[in-house]
Each structure stands twice: as structure tokens, then as C-alpha cells.
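Chains, contacts and geometry: an overview
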Amino acid sequence: RRYGTLLALLVICVLFSLMTRHFLTVSNLSTVLVQLSMLMIVTSGLTVVVAAGEFDLSVGAVAGFAGVLVTGLLVQVTSDVVLAIAAGIAAGALVGLLNGILVAVIGLPSLIATLGMISVVTGLNQWYTKGQAVYGGLPDAFAIPGRGALLGIPVPILVMVAIVVISHLLLERTATGRHLYTIGENKDVARLAGIGVRRKKIFALVFCGACAGLAGVIMASRLGSGQPAAGDHFLMDGLATVFLGMTAFSLGQANMRGTVVGTLIIGVLRNGFNLLGWPYYIQDIAMGVIMIGAITIAASKGTVRMPSVTA
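Below you will find a few notes about this structure. (Residues numbered from 1 in each chain as written. Predicted model: local features only at pLDDT ≥ 70, side-chain atom pairs only at ≥ 80, totals over all residues. Heavy atoms only, no water.)

Right, let's get into the overall build of the protein chain. A count of helical and extended segments in the protein chain gives 13 helices and 4 strands. Radius of gyration (C-alpha) of the protein chain: 19 Å, near the 19 Å computed for a compact globule of 311 residues. By its C-alpha atoms, the protein chain is 55 × 50 × 35 Å across when sized along the principal axes. Counting only contacts in the protein chain whose residues sit at least 6 apart along the sequence, the fraction spanning at least 24 positions is 77%. Accessible surface for the protein chain amounts to roughly 13900 Å². Of this, 68% is attributable to carbon and sulfur atoms. Taking the 18 positively charged and 10 negatively charged side chains of the protein chain as two groups, their mean positions are separated by 8 Å. (Helix = DSSP H or I, 4+ residues; strand = E, 2+ residues; numbered from the N terminus. Rg over C-alpha atoms; globule rule 2.2 N^0.38 Å. Contact = heavy atoms within 4.5 Å. Areas by Shrake-Rupley, 256 points an atom, 1.4 Å probe, with all protein chains shown as cover. Lys, Arg positive; Asp, Glu negative; His and termini not counted. Charge placed at Lys NZ, Arg CZ, Asp CG, Glu CD.)

In total, this model carries 3 salt bridges according to the counting rule given. As a salt-bridge pair, Arg191 and Asp188 come within 3.2 Å of each other at their nearest N and O atoms. One end of the pair is Arg191 and the other is Asp188, both in helix H9 (residues 187–192) and 3 residues apart, which spans about a single turn. Take Arg191: its relative accessible area is 46%, and that puts it in the partly exposed class. (Salt bridge = Lys/Arg side-chain N within 4 Å of Asp/Glu carboxyl O. Buried < 20%, exposed > 50% of the residue type's maximum accessible area, 1.4 Å probe, protein only.)

Closest axis-to-axis distance for the helix H1 (residues 4–19)/helix H12 (residues 256–276) pair is 10 Å, and the angle between their directions is 15°. Considering the angle they form, H1 stands roughly parallel to H12. You can see that H1 and H12 cross each other, and the crossing is left-handed. Residues Thr5, Leu6, Leu9, Ile12, Cys13, Phe16 and Met19 of H1 form the contact with H12, whose participating residues are Val261, Leu264, Ile265, Val268, Leu269, Gly272, Phe273 and Leu276. Its residues placed into classes, the contact of H1 with H12 shows 13 nonpolar, 2 polar and no charged. (Axes fitted to C-alpha atoms, helices over the stretch in contact; angles between N-to-C directions. Parallel < 35°, antiparallel > 145°, perpendicular 65-115°, else oblique. Left-handed = near helix turned anticlockwise from the far one by under 90°. Nonpolar A, V, L, I, M, F, W, Y, C, P; charged D, E, K, R; others polar.)

So, about unusual backbone geometry. One non-glycine residue, Leu151, lies in the positive phi region at around 55°. On the secondary structure map, Leu151 appears in the loop between strand S2 (149–150) and strand S3 (153–154). The exposure class assigned to Leu151 is exposed, which follows from its relative accessible area of 83%.

Turning our attention to the side chain of Asp56. Topologically, Asp56 is positioned in the loop between helix H2 (26–51) and helix H3 (59–76). Of the side chains bearing the opposite charge, Lys201 lies closest to the buried Asp56, which forms no salt bridge; the N-O distance is 14 Å. At 2.6 Å, the side chain of Asp56 forms a polar contact with the side chain of Ser58. Excluding residues within four positions of it along the chain, Asp56 makes contact with Leu46, Val49, Asn99, Thr114, Leu205, Cys208 and Leu235. (Polar contact = N/O pair within 3.5 Å; in protein donor to acceptor, adjacent residues only side chain to side chain.)

Turning next to the state of the cysteines. Counted under the stated rule, the structure contains 0 disulfides. In this structure Cys208 is not part of a disulfide, and its nearest cysteine sulfur, from Cys211, lies 6.6 Å away. Taking the relative accessible area as the measure of exposure, Cys211 reaches 4% and is therefore buried. (Disulfide = S-S within 2.5 Å.)

Per the counting criterion, the structure on display carries 5 aromatic pairs. Ring geometry for Phe16 and Phe273: centres 5.9 Å apart, planes at 85°, overall edge-to-face. Within this pair, whereas Phe16 is found in helix H1, its partner Phe273 is found in helix H12, the two being separated by 257 residues in sequence. Assessed through its relative accessible area of 5%, Phe16 is described here as buried. Aromatic pair Phe203 and Phe207: ring centres 6.2 Å apart, planes at 25°, arrangement stacked. (Phe/Tyr/Trp six-rings, centres within 6.5 Å; stacked < 30°, edge-to-face > 60°.)

Read these as spatial facts, not as claims about activity.
Right, dumping it as C-alpha cells:
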């Protein structure tokens, strides 16, 4: 049961390699990793939040907002790429902070608080862009985060690996990570043990927001424009990968190794379906069935522990 999801990934790769000769090539695998890089960054933040027993449904909207903000700043305000990127990430962290206050201080269920935040951030997106893409006049240096390469390795892949490693070390090698897992197990026990439950939950949501902001910046860099709705797919794909990851390694518990495997499954399936020419609606049906099946099987074994939807 601990390695069944990993085995499923290997079986999927073998099947696609037999069905199309274009799958198992260096070029295609590199493309898969680049395409997955932004989702992997988002799911790294989501994994930290789910480990603490909470949800963040606003990640897609936040990614889209960070993308239009950074491009808007570069087009209208400043040519300083580093400053604009920092502002995009900071905007994501700020939304995470607001989510954290609503959840940890006011006491709203994270499902409700972050669902409401989707509307707030989407409204800001529409107000800022008037529903139009932001493009034109972007500095050449802004292409580096999304389309650049270092020693032949695409920059998005390098950023993805860095965030995955940081998230894994945070959860598995620090006191904060142990505290987050304890809170996710039972927040009352964590509070009695002297753990600052409010502070840790706020930290988790801020970290998740910053990851979503970073993903939005890289996405805008790859597209060469800020698209208000470009991050919408991160929500469902992100939750799918985190829950798939909970069926691997640390069963029933959000963990980065499982999240990596879950993200790879999602990315490999989408890439393989595209190579085979499957219609998009068939892809969506297949993805939903796979997600439901994986969670159902794990839940039937008593292994999956879903975050609470109550305060």
C-alpha cells in the first residue's frame, strides 16, 4: 500500500511508452517537467497546509493575480524585474496571511474562508485588468524565470526542485513540520502540548500563498503576459495531486514524496493523452475517475485522513 501509487506511475509510463514512440524521449520528458513545474510549486504549498489539517482553495486565483500583478508592474510602473517578481510573490503571501487570520484567529473553516477569498482575488483580478490580458513592453529579462535555462536545465525545473526540497525539509526535518503534523492530527492535543496552533496555521497558509504567487510569476513569464484566469486549473489539479500523494509513503498523511508522485501522475497522464490525441473532455473524465478511485481505495483501507471542514 505504501508504494502502490509509485508503482501505478511506473505502469502508466510503460504503457504510454508502448503506445507512442514520442513519449519516452528526452525532449518530451523535459517538456513534461517544465509544464509540471508550476503545479509542483503550488502543490508544495498545498501539502504544507493539508499537513496542518486545513485547505486552501484560493491557490488558482492567487496564481492568476500574481501573474497579472507582476506583468502590470513591469508594463506600467517599473522595469525592475526582481522588484516586480518580489511583489508578485509578496501578494500571494499577503493573501495567505489574510487566509491565516480568517482561519486561525477569527476561526472560520478554511474551506469557507479560502472559498470566499477566491471571489475576492478574482474580483481584484478583473478590476485590475478589466478582464483583459496584460502584455506588451515586458523586459527581456522577465523571460528568464519561465523560459530561461542554466547549464542547459530550464529555470522552472530548477525553481521547482528548490521548492520541493525546501518543503520536504520543512515538513520532515524541522520542529515546525512536526508541529504542523501534530496540529493536523489533533489541534487540541497540539495546543495542550504547548504548540502555537494559530501561528503555525498562519505560517502554513502564508507559505502556500507565496508558493502560489511564485507559480503565477513563472506562468506569466512563460506566457509572456498576465492572464487573469490562467491559474484556475491549479486548484483541482493541485488538490488531486496532494490527495493522490496521501496514498503513498506516509499513508493518509500529506507528504512531499507522495505529492511529487501524485503530480507526476497528473502530468504524465495529461501529456500521454495529448500525444495520443484524446479529446480534452475524455482527459478530464479519466483524471476524475483516477482521483476518485485512488482516494476510495485508500479510504477503504482506513489510510486517508481528510482535512476537517469545520473550525
